[in-house]
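# Summary of the model geometry
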Amino acid sequence: MTHEELQKKGALYVERVMDGFERYASKVVHMGEREAAAYMRRLKEENGADGAYLDFYYHFLDDDAKQRVLSVLNEDQQEYIRGLDGGGELIYPLTEELIDIAARLNDREMLFCTVYFTKEPCTLWGNYKQEYVIFTQK
């Protein structure tokens, strides 16, 4: 899925975090890996499976960076990522597996992921030091 398709579904797309602060209401929330995963699951449940998406740049990384990302994941998670179709895609439907992977990668500051919810528009921007910027409509 492209960013344009995501926006048509109602997502609050933020290309640069500073743009998000100007265009949307925002707050910064501190969440560890488990808290973040639980929060994403709750929002996914509220928005439905067809209203939750993740941007995931893994397939655009060089081989060394991919190896660093994989080093913090368990074998099942590594296999899941390798099985994703990376053919130019950046936005994926948010699965249970991707929730756990995104929460871990954000927590370890290994690869920041952004999560989009479209029915109740909300964007979680992974950030440093276990902080998430949460964007909503003003």
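Residues numbered from 1 in each chain as written. Predicted model: local features only at pLDDT ≥ 70, side-chain atom pairs only at ≥ 80, totals over all residues. Heavy atoms only, no water.

What follows covers the confidence of the model for the chain. Taken residue by residue, the chain gives an average pLDDT of 93. The fraction at 70 or more is 98%. Of all the helices and strands in the chain, helix 1 (residues 3-8) carries the lowest mean pLDDT, 90, while helix 3 (residues 33-47) carries the highest, 97. (pLDDT = per-residue confidence, 0-100. Helix = DSSP H or I, 4+ residues; strand = E, 2+ residues; numbered from the N terminus.)

Here helix 3 spans 21 Å end to end across 15 residues, near enough to the 21 Å set by a 1.5 Å rise per residue. Here helix 3 has its buried residues at Ala-36, Ala-37, Tyr-39, Met-40, Leu-43, Lys-44 and Asn-47. The buried residues of helix 3 occupy an angular sector of 160° when the element is viewed end-on, so they sit on one face. In helix 3, the exposed positions angled more than 90 degrees off the buried face are occupied by Arg-34 and Glu-45. Following helix 3 by one or two positions, Gly-48 has its phi on the positive side, about 80°. (Expected span 1.5 Å × (residues − 1). Buried < 20%, exposed > 50% of the residue type's maximum accessible area, 1.4 Å probe, protein only. Arc of directions from axis to C-beta.)

This part takes up the pairing of strand 5 (residues 122-126). Burial analysis of strand 5 places five of its five residues in the buried class, the great majority of the element. Residues of strand 5 alternate between two faces, with Cys-122, Leu-124 and Gly-126 on one and Thr-123 and Trp-125 on the opposite face, all of them buried. Pairing of strand 4 (residues 114-117) with strand 5 involves four bridges; the strand directions are antiparallel. In the sheet register, Thr-114 faces strand 5, and the bridge partner there is Trp-125. (Pairing = 2+ DSSP bridges.)

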